[in-house]
Amino acid sequence: LVKFFLPQFLRLLLIPYYAAEGHSHPNGEDHHDAKPDRCKDIEFDAITPDEKGNTFFFKGDHLWKGFSGPAELSNNIFKELDDYHLLGHVDAAFRMHHQDDPSVHDHIYFFLDDKVFSYYNYTLEKGYPVEIQQEFPDVPSHLDAAVECPKGECITDSVLFFKGNEIYSFDIKTKSVKKKVWAHLPNCTSAFRWLEHYYCFHGYNFTRFHPVSGDVTGAYPKAARNYFMRCEGFGHGGGEKRQRCSEVKLNAITTDDTGRSYAFQDEMYIRLDTHRDGSHHFPISRLWREISGVVDAVFNYGDNMYIIQGDQVYIYKSAVHYTLIEGYPKPLKEELGIDGPVDAAFLCPNQHIVNVIQGQKMYDIDLAATPRAVNMTRPIPYSQIDAGFCDGDGVKVFIGPEYYSYQSPLILAVGKIKPPPQKISPKKFGCEE
């Protein structure tokens, strides 16, 4: 009872003090009145997504939900934060990624001074808050930032905690900590993992970094207002309208062995399996640095991604950060036994026959054979296909904003009647009706 009522009692004592002495709220703003404007050089205290994929940006006792919209009081959503913390701010926050333990996976953790809070579905978990070291041994109090790092991006499911230029890499399963010093990285007031990339926010700028080495590649810092919020006079495509579904025309579509799905359109790509983080188009060269221009076909075999462009094929290791295999690109004729260009290519799950479409012909090529060559050539009932894809539900061939579904590549080739066309949907591709 003392733990609960003491903060309330202290708050009542402080209100007349601030009013009588003309003081503002302890964090320099009038609590419940002044709403910060994130388009005016805001330095965020913390950034985190929730279990639904909504992103929260925190400043003082306010927050913003999503990349646009006005500020609101943090305790409107996370009610208990103010009960335990008179200063009205969050030091750090992250969304836990630990699928081995459903009791903590997707929970949001907030850090305030020496305490940590755990929320799920905007409800404070029983027993919280607790001392930081009780939940995260050897992690210091009064943190600057925190961000989750799933296995595959880090060696194990981990959390990166920031305090000055010291980084504490916390192994969630073993609760062990490795301390690092990244003097080259600016002091992060907040950190954010978004679409498998890691961002350190400092001032009203951000710097992208590698979660294991801390390496920074590319031209940084960059202005947060150009990328992570919608502000008048700023933006990196943020103000442009979403493409209408009737205008979508894919060049390729594939899913890698980790379940990451990509659609390629012109010189851009979109992740299809990250609905919680929204639908966003990026240049192809952002992930596949050696690729420039439009690709013709993409498919995955084992832990490799094949990207076909003209008469060349690029093969990338499908690790978190795609790496071009040494010696590539190579001529398509040398790798698959056919001349380019091609229109589409797809590989069905647990198979080693890639189906390559060129005009009204479909070639079957055995990827397990050496050398690789065309095993069979079959006609298909379409004069021009833009992209092809095969998963557990069968084959889909895309023509403009529509696609046709077949149970298998064989039925695609021998079927006499075309199935009814289906429309590319906003839910899957992030377009507008």
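Basis of the calculations
Residues numbered from 1 in each chain as written. Predicted model: local features only at pLDDT ≥ 70, side-chain atom pairs only at ≥ 80, totals over all residues. Heavy atoms only, no water. Pairing = 2+ DSSP bridges. Helix = DSSP H or I, 4+ residues; strand = E, 2+ residues; numbered from the N terminus. Axes fitted to C-alpha atoms, helices over the stretch in contact; angles between N-to-C directions. Salt bridge = Lys/Arg side-chain N within 4 Å of Asp/Glu carboxyl O. Buried < 20%, exposed > 50% of the residue type's maximum accessible area, 1.4 Å probe, protein only. Disulfide = S-S within 2.5 Å. Contact = heavy atoms within 4.5 Å. Phe/Tyr/Trp six-rings, centres within 6.5 Å; stacked < 30°, edge-to-face > 60°. Lys NZ or Arg CZ within 6 Å of the ring centre and 35° of its normal. Polar contact = N/O pair within 3.5 Å; in protein donor to acceptor, adjacent residues only side chain to side chain.

Trainee: Please set out the sheet that holds strand 19 (residues 261-265) residue by residue, giving values where relevant.
Mentor: With antiparallel pairing, four strands are arranged side by side in an open sheet as 18-19-20-21. Only two strands of the sheet have a single partner each, and these edge strands are strand 18 (252-255) and strand 21 (281-283). Across the sheet, the mean angle from the axis of one strand to that of its neighbour is 25°, orientation sign disregarded. Here strand 18 runs beside strand 19; their pairing, made up of four bridges, is antiparallel. By the bridge assignment for strand 19, Ala252 is matched with Phe264.

Trainee: Outline the pattern of salt bridges, supporting the account with residue identities and numerical values.
Mentor: Inspection of the entire model under this criterion finds 15 salt bridges. Among the salt bridges present, the one from Asp106 reaches Arg95, with a minimum N-O distance of 3.9 Å. Within this pair, whereas Asp106 is found in the loop between strand 5 (92-95) and strand 6 (108-112), its partner Arg95 is found in strand 5, the two being separated by eleven residues in sequence. Using a relative accessible area of 12% as the deciding quantity, one classes Asp106 as buried. Judged by relative accessible area, Arg95 falls into the buried class, the value being 5%.

Trainee: For the state of the cysteines, give the residues involved together with the corresponding values.
Mentor: Counted under the stated rule, the structure contains five disulfides. Here Cys149 is linked by a disulfide to Cys154, with a sulfur-sulfur distance of 2.0 Å. The S-S bond linking Cys149 to Cys154 shows a torsion near 100°; that makes this disulfide right-handed. In this model Cys188 forms its disulfide with Cys200; the gap between the sulfur atoms is 2.1 Å. Its torsion about the S-S bond being -110°, the disulfide of Cys188 and Cys200 is classed as left-handed. Linking Cys188 in the loop between strand 13 (177-181) and strand 14 (190-194) with Cys200 in strand 15 (residues 197-202), this pair joins segments that are twelve residues apart in sequence. Residue class for Cys200 comes out buried when judged on its relative accessible area of 0%. Sequence-ordered numbering of the bonded cysteines in the protein yields a pairing of 1-6, 2-3, 4-5, 7-10, 8-9.

Trainee: Could you give an account of the sheet that holds strand 11 (residues 158-163), naming the residues involved and the relevant values?
Mentor: Overall, antiparallel pairing links the four strands, which are arranged 10-11-12-13 in an open sheet. The open sheet is flanked by strand 10 (145-149) and strand 13, the only strands paired with a single partner. On average, adjacent strands in this sheet sit at an angle of 20° to one another, irrespective of strand direction.

Trainee: So what's going on with the side chain of Ser190? Which residues, and what values?
Mentor: You can see Ser190 is positioned in strand 14. On the basis of relative accessible area, Ser190 is assigned to the buried category, the value being 1%. Excluding residues that lie within four positions of it along the chain, Ser190 makes contacts with Phe44, Asp45, Ala46, Ile47, Asp144, Ala145, Tyr199, Cys200 and Phe201.

Trainee: Please give an account of the packing of aromatic side chains that cites residues and values.
Mentor: Taken as a whole, this structure holds 49 aromatic pairs when the rule is applied. Look at Tyr269 and Trp288: their rings are 5.2 Å apart centre to centre, the planes differ by 75°, and that puts the pair in the edge-to-face class. Taken as a pair, Tyr269 in strand 20 (residues 268-271) and Trp288 in the loop between strand 21 and strand 22 (297-301) lie far apart in primary sequence, 19 residues in all. Across this residue pair, the class does not change: Tyr269 and Trp288 are buried. When the ring centre of Phe282 is taken as reference, the NZ or CZ atom of Arg286 above it lies at 3.9 Å.

Trainee: Explain the side chain of His62 to me, using residue names and the numbers behind them.
Mentor: Mapped onto the elements of the fold, His62 is located in strand 3 (residues 62-65). Side-chain polar atoms of His62 contact the side chain of Asp61, separated by 2.7 Å.

Trainee: How would you explain the environment of Thr174 if you had to name every residue and give the values?
Mentor: Following the sequence through the fold, Thr174 ends up in the loop between strand 12 (166-171) and strand 13. One polar contact links Thr174 to Ser176, side chain to side chain, over a distance of 2.8 Å.

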